[in-house]
Amino acid sequence: MSNKKVILVTGVSSGMGKLSAQDLIKASHTVYAVARSIDKMKDLKALGGHIMKMDVTNEEDIEKVVMKVIEEQGRIDVLWNNAGYGLYGPVEDLSMEKAQQQL
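The sections below set out a description of the structure shown in this document. (Residues numbered from 1 in each chain as written. Predicted model: local features only at pLDDT ≥ 70, side-chain atom pairs only at ≥ 80, totals over all residues. Heavy atoms only, no water.)

## Brief notes about the overall build of the chain
Next up, step 1: Helices and strands together make up the secondary structure of the chain, namely 4 helices and 4 strands.
Next up, step 2: Scanning the chain from its N terminus toward the C terminus, one meets helices and strands in the order β-α-β-α-β-α-β-α.
Next up, step 3: In terms of principal-axis extent, the alpha carbons of the chain reach across some 50 × 25 × 25 Å.
Next up, step 4: When the 103 residues of the chain are sorted by exposure, 28% land in the buried category.
Next up, step 5: Relative to all contacts within the chain whose residues are 6 or more apart in sequence, the contacts with residues 24 or more apart total 44%.
Next up, step 6: Of the side chains in the chain, 13 bear a positive and 14 a negative charge, and the two mean positions are spaced by 9 Å. (Helix = DSSP H or I, 4+ residues; strand = E, 2+ residues; numbered from the N terminus. Buried < 20%, exposed > 50% of the residue type's maximum accessible area, 1.4 Å probe, protein only. Contact = heavy atoms within 4.5 Å. Lys, Arg positive; Asp, Glu negative; His and termini not counted. Charge placed at Lys NZ, Arg CZ, Asp CG, Glu CD.)

Put into structure tokens, the structure is as follows:
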């Protein structure tokens, strides 16, 4: 029985997300690497990853990516949710909309 997993990794354009995706690909998992910028993921494609453009704040992007992975692989075993963004400044100055988006 194989331990190979289908893994969707978000936020792979740089940093920990990119390094995690590289390690998972090298460990022979099927990795779908997503970020807002395709150009920053070409090295992952060269390693054997599946790269796709996705903005985690865009519900339509998320649905398209999930449907594509399931269409191609039949499943998603792991969501490695690395994407994120930060808001800066005093919390009392944030609007409720901005606070909800952060969550």
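More follows now that the structure is in view.
## Considering the sheet that holds strand β2 (residues 30-35)
Next up, step 1: One open sheet accounts for 4 strands, arranged β3-β2-β1-β4; its pairing is parallel. Edge positions in the sheet fall to β3 (50-53) and β4 (78-80), since each of these pairs with one other strand and no more. Shown here is a sheet whose adjacent strand axes are inclined to one another by a mean of 20 degrees, direction ignored.
Next up, step 2: Helix-sheet contacts for helix α3 (residues 59-73) involve β1 (6-10), β2 and β3, and the interaxial angle to β2 is about 165 degrees. (Pairing = 2+ DSSP bridges. Axes fitted to C-alpha atoms, helices over the stretch in contact; angles between N-to-C directions.)

## Here we look at the environment of Q100
Next up, step 1: Examined against the element boundaries, Q100 turns out to sit in helix α4 (residues 96-102).
Next up, step 2: According to the relative accessible area criterion, Q100 is exposed, its value standing at 55%.
Next up, step 3: C-alpha separation for the pair Q100 and K40, spaced 60 residues apart in sequence, amounts to 28 Å.

## Details of α3
Next up, step 1: Given a rise of 1.5 Å per residue, 15 residues ought to cover 21 Å, and the 21 Å separating the end C-alpha atoms of α3 matches this to within 8%.
Next up, step 2: Its side-chain oxygen 2.9 Å from the backbone nitrogen of E60, N58 forms the N-cap of α3.
Next up, step 3: Immediately downstream of α3, the backbone of G74 shows phi near 85 degrees, a positive value. (Expected span 1.5 Å × (residues − 1). Polar contact = N/O pair within 3.5 Å; in protein donor to acceptor, adjacent residues only side chain to side chain.)

In short, the description is geometric, and any link to function would need to be established separately.
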